[in-house]
Amino acid sequence: MSKKKSKKRKNPVQKKKQKDFKPLIIAGVAAIVCVVFIVITYVVYLNTSLEATDFVNKDFKSVSAFDASGDEADMNDIYHVRYDNYQGSLSFKGDGTFELWLTPGSLDDGVHSGSYTYNRDKQVLNATFDSGDKVKFKLVRNSDGTLKRIEVPYDGYTVYFAG
(Lines give C-alpha, C1' and ligand atoms only; values in the text may rest on other atoms or scores of the structure.)
Protein backbone atom coordinates (compact mmCIF):
# COMPACT_ATOMS: atom_id res chain seq x y z
CA MET A 1 0.00 0.00 0.00
CA SER A 2 1.32 3.08 -1.01
CA LYS A 3 0.73 6.22 0.65
CA LYS A 4 -0.84 8.76 -1.48
CA LYS A 5 0.07 12.24 -1.09
CA SER A 6 -2.74 14.32 -0.12
CA LYS A 7 -3.60 16.81 -2.70
CA LYS A 8 -4.54 19.37 -0.23
CA ARG A 9 -3.61 22.76 -1.26
CA LYS A 10 -1.59 24.72 1.15
CA ASN A 11 -2.52 28.29 1.76
CA PRO A 12 0.21 30.48 0.41
CA VAL A 13 2.09 32.27 3.10
CA GLN A 14 1.12 35.89 3.00
CA LYS A 15 3.86 38.30 3.76
CA LYS A 16 2.99 40.96 6.20
CA LYS A 17 2.70 44.27 4.46
CA GLN A 18 5.28 46.75 5.62
CA LYS A 19 4.01 50.16 6.38
CA ASP A 20 5.06 52.73 3.79
CA PHE A 21 6.82 55.54 5.61
CA LYS A 22 7.72 57.51 2.50
CA PRO A 23 4.78 59.94 2.74
CA LEU A 24 5.56 60.58 6.40
CA ILE A 25 9.22 61.20 5.68
CA ILE A 26 8.39 63.56 2.82
CA ALA A 27 5.91 65.46 4.98
CA GLY A 28 8.44 65.71 7.81
CA VAL A 29 11.17 67.00 5.52
CA ALA A 30 8.75 69.51 3.98
CA ALA A 31 7.78 70.76 7.44
CA ILE A 32 11.42 71.18 8.46
CA VAL A 33 12.20 73.05 5.22
CA CYS A 34 9.23 75.39 5.86
CA VAL A 35 10.35 76.10 9.42
CA VAL A 36 13.93 76.78 8.31
CA PHE A 37 12.67 79.10 5.55
CA ILE A 38 10.50 81.05 8.00
CA VAL A 39 13.37 81.41 10.49
CA ILE A 40 15.80 82.59 7.78
CA THR A 41 13.24 85.04 6.40
CA TYR A 42 12.64 86.44 9.88
CA VAL A 43 16.36 86.87 10.58
CA VAL A 44 16.92 88.55 7.20
CA TYR A 45 13.93 90.83 7.82
CA LEU A 46 15.32 91.88 11.19
CA ASN A 47 18.66 92.69 9.65
CA THR A 48 17.28 94.59 6.67
CA SER A 49 14.26 96.31 8.12
CA LEU A 50 14.31 100.08 8.11
CA GLU A 51 14.24 100.11 11.90
CA ALA A 52 17.59 98.30 11.95
CA THR A 53 19.40 100.89 9.85
CA ASP A 54 21.68 103.60 11.18
CA PHE A 55 19.81 106.54 9.65
CA VAL A 56 16.30 105.93 10.96
CA ASN A 57 14.89 108.11 13.74
CA LYS A 58 17.85 110.47 13.60
CA ASP A 59 18.00 114.10 12.60
CA PHE A 60 20.57 115.20 10.06
CA LYS A 61 21.62 118.81 9.55
CA SER A 62 22.98 120.34 6.37
CA VAL A 63 26.71 120.92 6.68
CA SER A 64 27.83 121.89 3.19
CA ALA A 65 26.81 121.97 -0.45
CA PHE A 66 28.42 121.78 -3.85
CA ASP A 67 27.31 122.98 -7.26
CA ALA A 68 27.28 120.90 -10.44
CA SER A 69 30.95 121.68 -11.15
CA GLY A 70 32.01 120.44 -7.71
CA ASP A 71 32.70 123.87 -6.20
CA GLU A 72 31.54 124.50 -2.66
CA ALA A 73 28.41 126.62 -2.56
CA ASP A 74 27.23 129.11 0.03
CA MET A 75 24.39 127.57 2.04
CA ASN A 76 22.65 130.95 2.22
CA ASP A 77 22.31 130.95 -1.58
CA ILE A 78 20.89 127.47 -1.61
CA TYR A 79 18.29 128.16 1.05
CA HIS A 80 17.57 131.69 -0.14
CA VAL A 81 18.14 133.14 3.32
CA ARG A 82 20.62 135.45 4.94
CA TYR A 83 20.72 133.73 8.31
CA ASP A 84 24.32 132.83 9.02
CA ASN A 85 23.48 129.87 11.19
CA TYR A 86 20.49 128.44 9.30
CA GLN A 87 20.65 124.72 8.65
CA GLY A 88 18.28 122.50 6.75
CA SER A 89 17.26 119.22 8.30
CA LEU A 90 16.55 115.73 7.10
CA SER A 91 14.94 112.89 9.03
CA PHE A 92 13.82 109.36 8.26
CA LYS A 93 11.22 107.24 10.01
CA GLY A 94 11.10 103.46 10.27
CA ASP A 95 7.81 103.38 8.38
CA GLY A 96 9.58 104.41 5.16
CA THR A 97 8.77 108.13 5.24
CA PHE A 98 11.07 111.13 5.39
CA GLU A 99 10.98 114.90 5.92
CA LEU A 100 13.36 117.35 4.30
CA TRP A 101 13.27 120.88 5.70
CA LEU A 102 15.04 123.32 3.43
CA THR A 103 13.83 126.83 4.15
CA PRO A 104 12.86 128.67 7.32
CA GLY A 105 9.25 129.60 7.83
CA SER A 106 6.05 127.71 8.31
CA LEU A 107 5.73 124.00 7.70
CA ASP A 108 3.90 124.68 4.45
CA ASP A 109 6.81 126.74 3.12
CA GLY A 110 9.82 124.64 3.86
CA VAL A 111 9.09 121.00 4.52
CA HIS A 112 9.17 118.41 1.78
CA SER A 113 8.08 114.91 2.66
CA GLY A 114 7.59 111.60 1.00
CA SER A 115 8.52 107.95 1.14
CA TYR A 116 11.74 106.07 0.56
CA THR A 117 13.18 102.63 0.08
CA TYR A 118 16.67 101.63 1.10
CA ASN A 119 18.99 99.89 -1.36
CA ARG A 120 21.66 98.44 0.91
CA ASP A 121 23.84 97.20 -1.97
CA LYS A 122 24.06 100.56 -3.71
CA GLN A 123 23.90 102.59 -0.48
CA VAL A 124 21.13 104.83 -1.77
CA LEU A 125 17.71 105.85 -0.59
CA ASN A 126 15.22 105.94 -3.44
CA ALA A 127 13.05 108.86 -2.36
CA THR A 128 9.68 109.81 -3.78
CA PHE A 129 8.35 113.18 -2.71
CA ASP A 130 4.65 113.65 -2.08
CA SER A 131 4.61 115.73 -5.28
CA GLY A 132 5.67 112.62 -7.23
CA ASP A 133 9.25 113.74 -7.91
CA LYS A 134 11.81 110.97 -7.50
CA VAL A 135 15.42 111.39 -6.41
CA LYS A 136 18.23 109.29 -4.96
CA PHE A 137 19.84 110.21 -1.63
CA LYS A 138 23.37 108.78 -1.55
CA LEU A 139 24.75 107.37 1.70
CA VAL A 140 28.48 107.88 2.17
CA ARG A 141 30.16 105.72 4.80
CA ASN A 142 33.44 105.84 6.68
CA SER A 143 35.96 103.02 6.26
CA ASP A 144 34.53 101.35 9.39
CA GLY A 145 31.03 101.30 7.87
CA THR A 146 29.52 104.09 9.98
CA LEU A 147 27.44 106.71 8.22
CA LYS A 148 29.46 109.78 7.33
CA ARG A 149 26.90 111.84 5.40
CA ILE A 150 23.85 111.76 3.18
CA GLU A 151 24.10 113.54 -0.16
CA VAL A 152 20.85 115.09 -1.34
CA PRO A 153 20.40 116.68 -4.76
CA TYR A 154 18.51 119.95 -4.46
CA ASP A 155 17.90 122.71 -7.00
CA GLY A 156 21.08 122.05 -9.00
CA TYR A 157 23.22 121.52 -5.89
CA THR A 158 24.24 118.54 -3.83
CA VAL A 159 23.63 119.22 -0.16
CA TYR A 160 25.53 117.17 2.43
CA PHE A 161 23.68 116.23 5.62
CA ALA A 162 25.44 114.80 8.68
CA GLY A 163 24.06 113.43 11.93
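Being a predicted model, the structure only gives us computed values, none of them experimental.

Here we come to the side chain of S91. As for its position among the elements, S91 is in strand 2 (residues 89-92). For S91, a relative accessible area of 17% gives the class buried. With near-sequence residues (within four places) excluded, S91 lies in contact with K58, D59, T97, F98 and E99.

Under the definition given, this model contains 11 aromatic pairs. Each ring, one from F55 and one from F92, has its centre 5.4 Å from the other, and the planes form 75°; the classification is edge-to-face. Of this pair, F55 sits in the loop between helix 1 (22-48) and strand 1 (59-66) while F92 sits in strand 2, placing them 37 residues apart in sequence. Relative to Y116, the ring of F55 lies with its centre 6.0 Å away and its plane at 65°, an arrangement referred to as edge-to-face. Linking F55 in the loop between helix 1 and strand 1 with Y116 in strand 4 (residues 111-119), this pair joins segments that are 61 residues apart in sequence.

Counting across every chain of the model gives 2 salt bridges. In this structure, R141 engages D54 in a salt bridge whose closest nitrogen and oxygen atoms are separated by 2.6 Å. You can see R141 sitting in strand 6 (residues 134-141) and its partner D54 sitting in the loop between helix 1 and strand 1, a full 87 residues away along the chain. Looking at R141, the relative accessible area reads 24%, which means it is partly exposed.

Each value, and the rule that gives it
- Residues numbered from 1 in each chain as written.
- Predicted model: local features only at pLDDT ≥ 70, side-chain atom pairs only at ≥ 80, totals over all residues.
- Heavy atoms only, no water.
- Helix = DSSP H or I, 4+ residues; strand = E, 2+ residues; numbered from the N terminus.
- Buried < 20%, exposed > 50% of the residue type's maximum accessible area, 1.4 Å probe, protein only.
- Contact = heavy atoms within 4.5 Å.
- Phe/Tyr/Trp six-rings, centres within 6.5 Å; stacked < 30°, edge-to-face > 60°.
- Salt bridge = Lys/Arg side-chain N within 4 Å of Asp/Glu carboxyl O.

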